[in-house]
Amino acid sequence: MTKPLALIVDDEPDILELLELTLSRMDIDVRTAASVAEAVQWLNRQSFHFCLTDMRLPDGNGLDLIARIQEQAPGLPVAVITAHGNMDIAVKALKQGAFDFVSKPVDLGILRRLVDSALRVTQEKGVKDRRSRDVLLGESESMRDIRSKIVKLARTQAPIFISGESGTGKELVARLIHAKSPRANMPFVAINCGAIPSELMESEFFGHKKGSFSGAVADKRGLFQAADGGTLFLDEVADLPLPLQVKLLRAIQEKKVRPVGAEREIPIDVRILSATHKNLGKMVEEGRFRQDLFYRINVIELPVPPLRERREDIPLLTKRILSRLARDNGLESLEISPQALEELCRYAFPGNVRELENILERAAALCDDQHIELGDLNLPKSQSDETAHRPIPLNLPSPEGGFSLEDYLGEIERHTILNTLEQTRWNRSKAARQLGMTLRQLKYRLQKWGLDGEAH
């Protein structure tokens, strides 16, 4: 089998020699470069499996090289070496497409594990065939887009913030990212940050040594150690108390943790995925969540749409849920009438997919002959979409005493867009097409009016 080939870019001879020696001992062939120009020459001559570059180079920086590689060899994992404490540059590199980062002075143990992960990415390219559409159900445009992004995001080590309402399937998205990543054979550890008592959080996250506090009768591994080599999913990360946010930030930046009562830090190799249904940006503004931690975990945001924005997926989800319920209850099948399915497609689902599962489970228990009828659903009338097509009134400013033309036209625009959204049952992609604008333009306007993520 051909040896992996790595490109190392650094203008300090001593560091270059150390890195080359470390990778050579891992049975990796190495080419070295001392500048961006020299690195580009190597990239033009050979195909590499991995690239490691310093951020400060004589004729540019690591970001320049990342941009060049993204154009020339987009599948090549690139890791950057950053100065100690310079996380802004590391985050910028990750946003630009870097695979991962390592801080100076370089911890060779952390470096070796980083290289192993990067090589698994190139070796497994095109080998894995885990059809995510069989796990993350839906053929709507938004779900196809999410599945496509998951494939790309799984190839990096960048922290991902999964946003979305309760019940939309954020943990399912996190598990898929892990399953398609080079960490797939390592642990996936999920924790609900709001379910841990505040006095136990530090011990739960980082572990503790025997005798470090009353009740610590033995050494205990924390969640970071349990997820070592794999993925740690922090669900409801907004519920973390401020003191723990400080320690979590340090653990992510330094890639090390200190168990309670321990004298030394322990190197850890964990990819962080996080999620919450709360508005984390607003919490940062209010001082309830640290801005530096938000910046660090939100390198890439992956929003998961509410069910009301992808109503076309409800029939497929319903069919799959009923099949599972029938199997779990030892039934040959569970059917649903066209009228009942139509009513489900009209319902607003404030609880999203989780609520759909609960409604169908209740209906399956109440129905006769394994056939769900309209009356078995018992949907809350207050949440019904019966008024979905009722026109929204146009509130134009009075011409008496003069008025702003900008406000006048703005109200007409708002009225037109909201009525189109009501007509399409808040299917934003469909509404944007009808309005002749891009989805991004539509989302910008809704965000400007404070309507982003809401149905009216």
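Please refer to the structure higher up on the page.
Reading guide: rules and limits
Residues numbered from 1 in each chain as written. Predicted model: local features only at pLDDT ≥ 70, side-chain atom pairs only at ≥ 80, totals over all residues. Heavy atoms only, no water. Buried < 20%, exposed > 50% of the residue type's maximum accessible area, 1.4 Å probe, protein only. Helix = DSSP H or I, 4+ residues; strand = E, 2+ residues; numbered from the N terminus. Arc of directions from axis to C-beta. Polar contact = N/O pair within 3.5 Å; in protein donor to acceptor, adjacent residues only side chain to side chain. 1 Å grid on protein atoms, 1.4 Å probe; cavity = no way out; pocket = protein on both sides within 12 Å on 5 of 7 lines; lining within 4 Å. Points joined across faces, edges and corners; volume = space filled by probe spheres on them. Nonpolar A, V, L, I, M, F, W, Y, C, P; charged D, E, K, R; others polar. Axes fitted to C-alpha atoms, helices over the stretch in contact; angles between N-to-C directions. Parallel < 35°, antiparallel > 145°, perpendicular 65-115°, else oblique. Contact = heavy atoms within 4.5 Å. Core = buried A, V, L, I, M, F, W, Y, C linked by side-chain atoms within 4.5 Å. Pairing = 2+ DSSP bridges. Left-handed = near helix turned anticlockwise from the far one by under 90°. Salt bridge = Lys/Arg side-chain N within 4 Å of Asp/Glu carboxyl O.

### A short note on helix α3 (residues 62-72)
Every α-helix winds through 3.6 residues per turn, so residues three or four apart in the chain are directed the same way.
Piece 1. Along α3, the residues classified as buried are G62, L63, L65, I66 and I69. The buried residues of α3 all sit within an arc of 160° when viewed along its axis, so they share a single face.
Piece 2. The backbone nitrogen of L63 lies 2.9 Å from a side-chain oxygen of the residue at the head of α3, namely N61.

### What to know about the layout of surface pockets
Piece 1. By volume, the second largest pocket amounts to about 470 Å³.
Piece 2. Lining the second largest pocket are 22 residues, and of these T168, G169, L172, V353 and E357 lie nearest its centre.
Piece 3. Secondary structure elements with two or more residues in the lining of the second largest pocket: α7 (170-179), α13 (314-328) and α15 (352-366).
Piece 4. With four residues, the top contributor of residues to the lining of the second largest pocket is α13.
Piece 5. Across the lining of the second largest pocket, the residue classes tally to eight nonpolar, four polar and ten charged.

### Describing the packing of helix α18 (residues 428-435) against helix α19 (residues 439-448)
Piece 1. With their axes 9 Å apart at the nearest point, α18 and α19 run at an angle of 105° to one another. Taken as axis vectors, α18 and α19 run roughly perpendicular relative to one another. When α18 is examined against α19, the residues R428, S429, A431, A432 and L435 are found in contact with a partner set consisting of L439, L442, K443 and L446.
Piece 2. The residue makeup of the contact of α18 with α19, split by class, is six nonpolar, one polar and two charged.

### Here we look at the nonpolar core
Among soluble globular proteins, nonpolar side chains are generally buried collectively.
Piece 1. One finds F205, F224, L232 and L234 to be the most contacted residues of the largest nonpolar core, which totals 31 residues.
Piece 2. For this core, the elements supplying multiple residues, two or more each, are β9 (188-192), α8 (201-206), α9 (223-226), β10 (231-235), α10 (242-254), α11 (280-285) and α12 (291-297).
Piece 3. Ranked by residues supplied to this core, first place goes to α10 with five residues.
Piece 4. Setting aside residues no more than four positions away along its own chain, L232 makes contact with V189, I191, L223, F224, A227, V270, R271, I272 and L273.

### Let's talk about the pairing of β10
Piece 1. Most of β10 is tucked away: five of the five residues are buried.
Piece 2. Both faces of β10 are covered, namely the face carrying T231, F233 and D235 and the face carrying L232 and L234.
Piece 3. In this structure, β10 lies alongside strand β13 (residues 271-276), joined through five bridges in parallel fashion. Across the sheet, residue L234 finds its bridge partner in β13, namely S274.

### Focus on empty space enclosed by the protein
Piece 1. Applying the stated criterion across every chain yields a total of two cavities of 30 Å³ or more.
Piece 2. Estimates place the volume of the largest cavity at around 180 Å³.
Piece 3. Looking at the lining of the largest cavity, the elements with two or more residues in it are β7 (100-103), α10 and β13.
Piece 4. The volume enclosed by the second largest cavity comes to roughly 50 Å³.

### Quick word on unusual backbone geometry
Piece 1. For the peptide bond that leads from K104 to P105, omega is -10°, which places it in the cis range.
Piece 2. With respect to the helices, strands and loops of the structure, P105 is situated in the loop between β7 and α5 (108-123).
Piece 3. Backbone geometry at K255 places phi at a positive 55°, although glycine is not the residue there.
Piece 4. Secondary-structure assignment places K255 in the loop between α10 and β11 (256-257).

### A look at the packing of helix α1 (residues 13-24) against α5
Piece 1. The interhelical angle for the contact between α1 and α5, taken along N-to-C directions, is 55°, at an axis separation of 11 Å. If you check the angle between α1 and α5, you find them oblique. Crossing hand, α1 versus α5: right-handed. Packed against α1, whose contacting residues are L18, L19, T22 and L23, the element α5 presents L108, L111, R112 and V115 at the interface.
Piece 2. When grouped by side-chain class, the residues that make up the contact of α1 with α5 number six nonpolar, one polar and one charged.

### A word on the environment of T22
Piece 1. With respect to the secondary-structure elements, T22 resides in helix α1.
Piece 2. Judged by its relative accessible area of 6%, T22 falls in the buried class.
Piece 3. For the pair formed by T22 and R112, sequence separation is 90 residues and the distance between their alpha carbons is 7.9 Å.
Piece 4. Filtering out sequence-adjacent residues up to four positions away, T22 remains in contact with L108, L111 and R112.

### Comments concerning the sheet that holds strand β3 (residues 50-54)
Piece 1. Spatial strand order, β2-β1-β3-β6-β7: five strands in an open sheet with parallel pairing. Sheet topology places β2 (29-33) and β7 at the edges, where each strand pairs with a single neighbour. Sheet twist, expressed as the average angle between the axes of neighbouring strands with direction ignored, equals 20°.
Piece 2. Here strand β6 (residues 78-82) pairs with β7 via four bridges, running parallel.

### Observations regarding the pattern of salt bridges
Think of it this way: side chains of opposite charge can pair up when their charged atoms draw near.
Piece 1. A complete count under the given rule lists 24 salt bridges for this structure.
Piece 2. The partner of E12 in a salt bridge is K104, and the shortest N-O contact between them spans 3.5 Å. One end of the pair, E12, is in the loop between β1 (5-9) and α1; the other, K104, is in the loop between β7 and α5, with 92 residues separating them in the sequence.
Piece 3. Taking relative accessible area as the criterion, E12 reaches 37% and is therefore assigned partly exposed.
Piece 4. On the basis of relative accessibility, which here comes to 22%, the residue K104 falls in the partly exposed class.
Piece 5. Several salt bridges converge on common partners, so that one network encompasses R113, R183, D228 and D269.

By themselves, these observations are geometric and do not establish any function.
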